[in-house]
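# Examining the three-dimensional arrangement
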Amino acid sequence: MADMPARLAEIVDEFAAAPRDLVLELLLEYSDVLPTLPEGTAEREGMEQVPECQTAFFLRARVTPEGTVETLFDCPPEAPTTRAFAGILAEGLAGASAEQVLAVPDDLYQRMGLAQAISPLRIRGGTAILGRLKRQIREQLA
């Protein structure tokens, strides 16, 4: 079984070790990490909406011919927590193989200690984002 990508494991450890009162601050720093959609990406073409998120959130995972995963996220700036989840995945999964992404634990955000810092509804949205990414990857590998 592959391990989750090293960079994502580092991020998880960073959060797990952070004092409770800093977790939210740390999380929001990742909302700035999320790149905007590349120029020429037609209005969310080929992207899937994640209805579990309280905001309009779209994503796409693509397995490249080299077997690595490219992620694309679209999330409005006025949803910083959701953007932060996507930012963590964008940074943590960069250059990862499909197997590594599929090895990411489904309870990722709980492992980061976020369950104490943000609402269960937001955790559910973040978990749904990860679940849909994995499903898209599995479909492409099938």
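Below: a short report on this structure.

What follows is about helix 3 (residues 80-92). Under the 1.5 Å per step criterion, the end-to-end length of helix 3 is 18 Å for 13 residues, consistent within 8% with the ideal 18 Å. Among the 13 residues that make up helix 3, 11 are buried, leaving the element largely enclosed by the rest of the structure. Looking only at helix 3, the buried set comprises Thr81, Thr82, Arg83, Ala84, Phe85, Ala86, Gly87, Ile88, Leu89, Ala90 and Gly92. Looking at the buried residues of helix 3, the elements they touch are helix 1 (6-17), helix 2 (20-29), strand 3 (69-74), helix 5 (108-111) and helix 6 (120-141).

Following the sequence through the fold, Asp74 ends up in strand 3. A relative accessible area of 17% places Asp74 in the buried class. There is a polar contact of 2.5 Å between the side chain of Asp74 and the side chain of Arg44. Contact partners of Asp74, with chain neighbours within four places excluded, come to Leu37, Arg44, Met47, Ala56, Phe57 and Phe58.

Below, the discussion takes up a negative patch on the surface. Residues Glu14, Asp21, Glu25, Glu29 and Asp32 make up a contiguous surface patch of negative charge. Considering every element that reaches the negative patch, the biggest residue donor is helix 2, with three residues. Among the secondary structure elements, Asp21 is positioned in helix 2.

So, on to the packing of aromatic side chains. Inspection of the entire model under this criterion finds three aromatic pairs. Summarising the aromatic geometry, the rings of Phe57 and Phe73 are spaced 6.0 Å apart at their centres and angled 45° between planes, so their arrangement reads as tilted. Here Phe57, found in the loop between strand 1 (48-49) and strand 2 (58-63), pairs with Phe73, found in strand 3; they are 16 residues apart in sequence, far enough to count as distant. Across the pair, exposure class does not vary: Phe57 and Phe73 are buried alike.

The tally for this structure, following the rule as stated, stands at 10 salt bridges. A salt bridge links Glu91 to Arg7, with the nearest nitrogen and oxygen atoms 2.4 Å apart. A residue pair is termed long-range when its members are at least 10 positions apart, and Glu91 in helix 3 and Arg7 in helix 1 qualify at 84 residues. The class of Glu91 is partly exposed, set by a relative accessible area of 25%. Arg62 is paired through a salt bridge with Glu70; the nearest N and O atoms lie 3.1 Å apart. Each of Glu48, Glu52, Arg132, Arg135 and Glu139 takes part in a single network of salt bridges with overlapping partners.

Relative to strand 3, strand 2 is paired through six bridges, and the arrangement is antiparallel. Each residue of the ladder has a partner; that of Arg60, found in strand 3, is Leu72. Here strand 2 hands over to strand 3 after five residues, with Gly67 in that stretch at a positive phi of 90°.

Helix packing geometry: the angle between the two helix axes and the distance between the axes. Look at helix 3 against helix 6: their axes get within 10 Å of each other, and the N-to-C directions meet at 35°. The way helix 3 lies across helix 6 gives a crossing that is right-handed. The segment helix 3 lies against helix 6, with Thr81, Thr82, Phe85 and Leu89 engaging Arg122, Ile123, Gly126, Ile129, Leu130 and Leu133. Grouping the amino acids of the contact of helix 3 with helix 6 by side-chain chemistry returns six nonpolar, three polar and one charged.

Conventions adopted
- Residues numbered from 1 in each chain as written.
- Predicted model: local features only at pLDDT ≥ 70, side-chain atom pairs only at ≥ 80, totals over all residues.
- Heavy atoms only, no water.
- Helix = DSSP H or I, 4+ residues; strand = E, 2+ residues; numbered from the N terminus.
- Expected span 1.5 Å × (residues − 1).
- Buried < 20%, exposed > 50% of the residue type's maximum accessible area, 1.4 Å probe, protein only.
- Contact = heavy atoms within 4.5 Å.
- Polar contact = N/O pair within 3.5 Å; in protein donor to acceptor, adjacent residues only side chain to side chain.
- Patch = residues over 30% accessible without salt bridge, like charges linked within 9 Å, V, L, I, M, F, W, Y side chains within 5 Å.
- Areas by Shrake-Rupley, 256 points an atom, 1.4 Å probe, with all protein chains shown as cover.
- Salt bridge = Lys/Arg side-chain N within 4 Å of Asp/Glu carboxyl O.
- Lys, Arg positive; Asp, Glu negative; His and termini not counted.
- Charge placed at Lys NZ, Arg CZ, Asp CG, Glu CD.
- Phe/Tyr/Trp six-rings, centres within 6.5 Å; stacked < 30°, edge-to-face > 60°.
- Pairing = 2+ DSSP bridges.
- Axes fitted to C-alpha atoms, helices over the stretch in contact; angles between N-to-C directions.
- Left-handed = near helix turned anticlockwise from the far one by under 90°.
- Nonpolar A, V, L, I, M, F, W, Y, C, P; charged D, E, K, R; others polar.

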